Structure formats: C-alpha cells, structure tokens
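Structural overview for review
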Amino acid sequence: MNRLFLSPPHMSGKEQQYIAEVFESNYIAPLGAFVNRFEESVKEYTGTSNALALSSATAGLHLALRVLGIEKGDIVLTSTFTFIGSVNAILYQGATPVFIDSDESWNLSPELLKKAIKELKVKPKALILTHLYGQMAKIDEIVAICKEEGIYLIEDAAESLGASYKGQQSGTFGDFGVYSFNGNKILTTSGGGMLVSNNKEWIEKAMFFSTQAKEKFLHYEHKEYGYNYRMSNVLAAIGVAQMEVLAERVKRKREVFEFYKEQLSGIEEISFMPEIKGSYGNRWLTTLIFEKTDPLKVVESLEEVNAESRPLWKPMHMQELFEDSQTFVDGTSEEMFDRGLCLPSPTKCKNDELMRVVEVIKNICS
Ligand SMILES: *Cc1c(COP(=O)(O)O)cnc(C)c1O
C-alpha cells in the first residue's frame, strides 16, 4: 500500500520544462525572468497589485512587520490557533505576541479581538490573522475592527492560497498578505513564499530589505540592515507551473473534503471545520473533531493502513515558548486541539484510495 500523506506535492507536469528554460538562459543565479512571471501570476490570480517572491512565507511576515516599523516593545495580536510560522516573525522583531482564541468558525474570534484591544494597556500595532487550513476567517468583521482601531492587518494566508470571501481572494484584504509554497502546502516550489500588498511603496521597501538593503550605488553602500530573503529563479519556474493548476487543485481539495464528509455523515460524533457564509475555502486539509473517540487512537489505526494523520495545531498559548505571554482565550482552541485531527488530503489520488481512511474511522467510531 502506498502511503497516503496529508498534503504531498503534486506537480502540474510543466515544471521541468520551465526549469529547462532557466538552464538554457543560464539565469540559475537568484533573479531572472521566472521570478517576475511568478509574481505576475500571483498578482493576476489574487487580484493584488504588488507581489514579492521570497524564500518563505515566514520571511514575508518578517518583512511585513519590518516595513510597518514594528519593533521591540510593540504588541502584535495574533491567532493562537495556528502554526508557529505565523508568530516567529514577531519574535524576530523583538515585539510581543498576544494570543487570541478562535470561535465556532475555528478561526480568530472578532469578539475576543475587541476584548483584547479594549483591555490591553498598550495599544497593539498589528494583527497577524491566519486563515486556518485554507478556510476564511470572519474577514469583513476583522477588517472593520482593525480599520476602526488603527491596527495594521497582516493576513497569514500561507495555507489559504486560492480561498476567497465574496469573490475576493484571501491575502488581499489586509495591509499585507503572505502565501507559502512550502512542500506541504496546496502548491509548492519545494520552499518559498510570496508577500503581497496593494501598497506599492511597502512592497518596494520589502524588496530592498529582502536583498541586503543595498542602496542605489554602483558600489555596495548600506544605511540599514537587510536580509537575504529573495526567491531563486529556479524555484520560481516551479511556481509558475504550479500557479497554472491552482484552480484545479482547489477544486480537487474540496472534492476530497466532500467525499470524507459524505462517507462519514452517519457518524454523529464527528463534525468538520465549517465554511463561513459567503466564503470559498481551499480545504487545504480536511479537518474534523471527534466528540467521544480519542483522536490519537485514530492516528494509530490510520498508521496501520499506511495513512498519515495529525492532531490539529497546538495553540501557541499552550506552548512552553509562550508560557508567560498575555492571552485572550476561552478554551475553544484547547478543546479543538484535544479532539481534532487532520486527514490525508492529497489531490493526486482517487476517492477509492481514501476509502482506507474512511473504513478505519467508521470501524473505530461504531
Ligand atoms: C506553513 C505556514 C507558515 C510558514 O510558511 P513557510 O513558507 O514554511 O515559511 C506560516 N503560517 C502558517 C499558518 C503556515 O501554515
């Protein structure tokens, strides 16, 4: 039995052709035509006006905070129910993360966000909002709160490329948005990220910081410090080929979700991550909650049929790293972490193959 992974890479078939073009042009060196093409394709798909291809989404979040002037002593609000990649950049800037819990949407609670802003003694400068597992957060409410309070909004759309709310793509609502092309995301360049914003000057500044902050001189002149965060032309060639199949991948991810949902619909104790009204998630991973069954027992049994599964993200406020942090939590994400699971959600597989997973869950829950 071949292994069913959570979200393995799925090539379009054009990648090697484009990489061959890179080699023919000899632009193996960082920048080149494919970096621009990759940025253009993300701009076109998402409807943003500026995009910057980077070595990772984490680098994108870091650049966003740096450009916005977030520094030591500043508070950055963030979803607690997320991957550490959302939060590390706050630490890189020496700023202080404050964690906010989820609500029934599984994503950040607008109510707890308001509570945090009201109760914090220092005004937060920014919010990093994750669209968890590719499903949209309550973005219009959250945008409205951030606008009213004068808080920058950075969307961590690392998992949600291709997801939309009322026809507008995730990552394009905030001051900045970040997409990831890491190996396990819906699309991959083996590793990579994209920073987007409708503010041209900010993206230009981010570009400057991402290439060692070189001033415009023939010799190497520096007034500020920067990073080496740009994406290579070779990886961008993979990205161009991957963007061509994004709509197909989203469609297939959603089919995988619908298949599981239908097959497991008879089991009362199971509930799936919802999709908020007006939104179209990319269903990067199919995720579910067991009311009674121990999810770790399910993991063990799935392992026996060579299928990968994992608990949901362990909330950041439960991590030892953040044990002294300020939080606005009500137990929602803790409960989800205890009871939830991510199922294999590969796009390159037939529904028949997923029956293995379905059978295991049906057996355990009956
Ligand atoms: C994967 C991921 C990141 C980090 O992306 P990289 O490209 O690996 O740096 C950040 N946030 C979330 C929510 C992610 O899932």
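So, how was this worked out
Residues numbered from 1 in each chain as written. Predicted model: local features only at pLDDT ≥ 70, side-chain atom pairs only at ≥ 80, totals over all residues. Heavy atoms only, no water. Helix = DSSP H or I, 4+ residues; strand = E, 2+ residues; numbered from the N terminus. Contact = heavy atoms within 4.5 Å. Buried < 20%, exposed > 50% of the residue type's maximum accessible area, 1.4 Å probe, protein only. Lys, Arg positive; Asp, Glu negative; His and termini not counted. Salt bridge = Lys/Arg side-chain N within 4 Å of Asp/Glu carboxyl O. Polar contact = N/O pair within 3.5 Å; in protein donor to acceptor, adjacent residues only side chain to side chain. Patch = residues over 30% accessible without salt bridge, like charges linked within 9 Å, V, L, I, M, F, W, Y side chains within 5 Å. Areas by Shrake-Rupley, 256 points an atom, 1.4 Å probe, with all protein chains shown as cover. Charge placed at Lys NZ, Arg CZ, Asp CG, Glu CD. Near = heavy atom within 4 Å. Expected span 1.5 Å × (residues − 1). Pairing = 2+ DSSP bridges. Domains from an automatic or database assignment. Buried area = accessible area lost by both parts, 1.4 Å probe. Nonpolar A, V, L, I, M, F, W, Y, C, P; charged D, E, K, R; others polar. Core = buried A, V, L, I, M, F, W, Y, C linked by side-chain atoms within 4.5 Å.

Assignment of secondary structure puts Ser 301 in helix H10 (residues 295-304). When the C-alpha positions of Ser 301 and Glu 291 are compared, they lie 18 Å apart, and in sequence the two are 10 residues distant. Those residues within four positions of Ser 301 in sequence are excluded, and the remaining contacts are Val 360 and Ile 364.

What follows deals with the side chain of Asp 101. Residue placement: Asp 101 occurs in the loop between strand S3 (96-100) and helix H5 (110-119). Of the side chains with opposite charge, Lys 115 lies nearest to the buried Asp 101, which makes no salt bridge, at 11 Å. A polar side-chain atom of Asp 101 sits 3.3 Å from the main-chain amide nitrogen of Gly 331. There is a polar contact of 3.4 Å between the side chain of Asp 101 and the backbone nitrogen of Thr 332.

Attention shifts here to a negative patch on the surface. Judged by side-chain charge, Glu 268, Glu 291, Glu 334, Glu 335 and Asp 338 come together as a negatively charged surface patch. One can find Glu 334 in helix H11 (residues 332-339).

Neighbouring the ligand are 15 residues, the closest being Thr 58, Asp 156, Glu 159, Ser 180 and Lys 185. With respect to the ligand, the backbone of Ala 57 contributes an N or O atom lying 2.8 Å from an oxygen atom. One nitrogen or oxygen atom from the side chain of Lys 185 is found 3.3 Å from an oxygen atom belonging to the ligand. For the ligand, whose accessible area on its own is 390 Å², the fraction buried by protein is 94%. Those elements giving two or more residues to the shell around the ligand turn out to be helix H3 (57-67) and helix H4 (85-92).

What follows deals with helix H9 (residues 246-263). Its 18 residues place the ends of H9 26 Å apart at the C-alpha level, agreeing with the 26 Å of an ideal helix rising 1.5 Å per residue. Within the sequence span of H9, burial applies to Leu 246, Arg 249, Val 250, Arg 252, Lys 253, Arg 254, Val 256, Phe 257, Phe 259 and Tyr 260.

Below, the discussion takes up the sheet that holds strand S6 (residues 164-165). In space, the three strands of this open sheet follow the order S7-S6-S11, with antiparallel pairing throughout. One side of each edge strand has no neighbouring strand; the edge strands of this open sheet are strand S7 (168-169) and strand S11 (279-280). Judged from the two bridges that link them, S6 and S11 form a sheet pairing that is antiparallel. Paired with Ser 164 across the bridge in S11 is Tyr 280.

A separate point is unusual backbone geometry. We note that Lys 166 has phi near 50°; this positive angle belongs to a residue other than glycine. Phi is positive for Gln 212, close to 70°, though the residue is something other than glycine. Among the structural elements, Gln 212 can be located in the loop between helix H7 (200-210) and helix H8 (233-243). Classification of Gln 212 as partly exposed rests on a relative accessible area of 37%.

With that settled, the discussion passes to the domain arrangement of the protein chain. With domains assigned, the protein chain is organised as domain 1 (15-243) and domain 2 (246-365). Contact residues are listed per partner, giving 45 residues for domain 1 and 41 residues for domain 2. Here domain 1 packs against domain 2, burying approximately 3800 Å² in sum over the two surfaces, 68% of which is carbon and sulfur. Three residues stand out in domain 1 for area buried against domain 2, namely Trp 106, Tyr 133 and Gln 135, and they jointly supply 23% of the buried area on that side. Across the domain 1-domain 2 interface, the total number found is zero salt bridges. Of all the elements in the fold, those that place two or more residues in the side of domain 1 that touches domain 2 are H4, S3, H5, S6 and H8. In terms of residue class, the side of domain 1 that touches domain 2 is made up of 24 nonpolar, 12 polar and nine charged.

Summed over all chains, the structure comprises 17 salt bridges. Here Glu 303 and Arg 3 are joined by a salt bridge, their closest N and O atoms 2.8 Å apart. Of this pair, Glu 303 sits in helix H10 while Arg 3 sits in the segment before helix H1 (15-25), and the two are 300 residues apart along the sequence. With a shortest N-O distance of 3.5 Å, Lys 200 and Glu 204 are connected by a salt bridge. Of this pair, Lys 200 and Glu 204 both sit in helix H7, four residues apart, roughly one helical turn. Here the salt bridges share partners, and the residues they tie into one network are Asp 103, Glu 104 and Lys 138.

This brings us to the nonpolar core. With 37 residues, the main nonpolar core has Phe 38, Phe 181 and Met 194 as its most contacted residues. Mapped onto this core, the elements with two or more residues apiece are H1, helix H2 (33-46), strand S1 (50-54), strand S9 (193-197), H8 and H9. Element by element, the count of residues in this core is highest for H8, at six residues. Split by domain, the residues of this core number at least three in each of domain 1 (15-243) and domain 2 (246-365). Ignoring anything within four residues of it in the chain, the contact list for Phe 38 reads Ala 53, Phe 181, Thr 189, Met 194, Met 231, Ala 236, Gly 239, Val 240 and Met 243. Formed by 33 residues, the second largest nonpolar core is a distinct cluster that contains Leu 52, Leu 195, Tyr 229 and Met 316.

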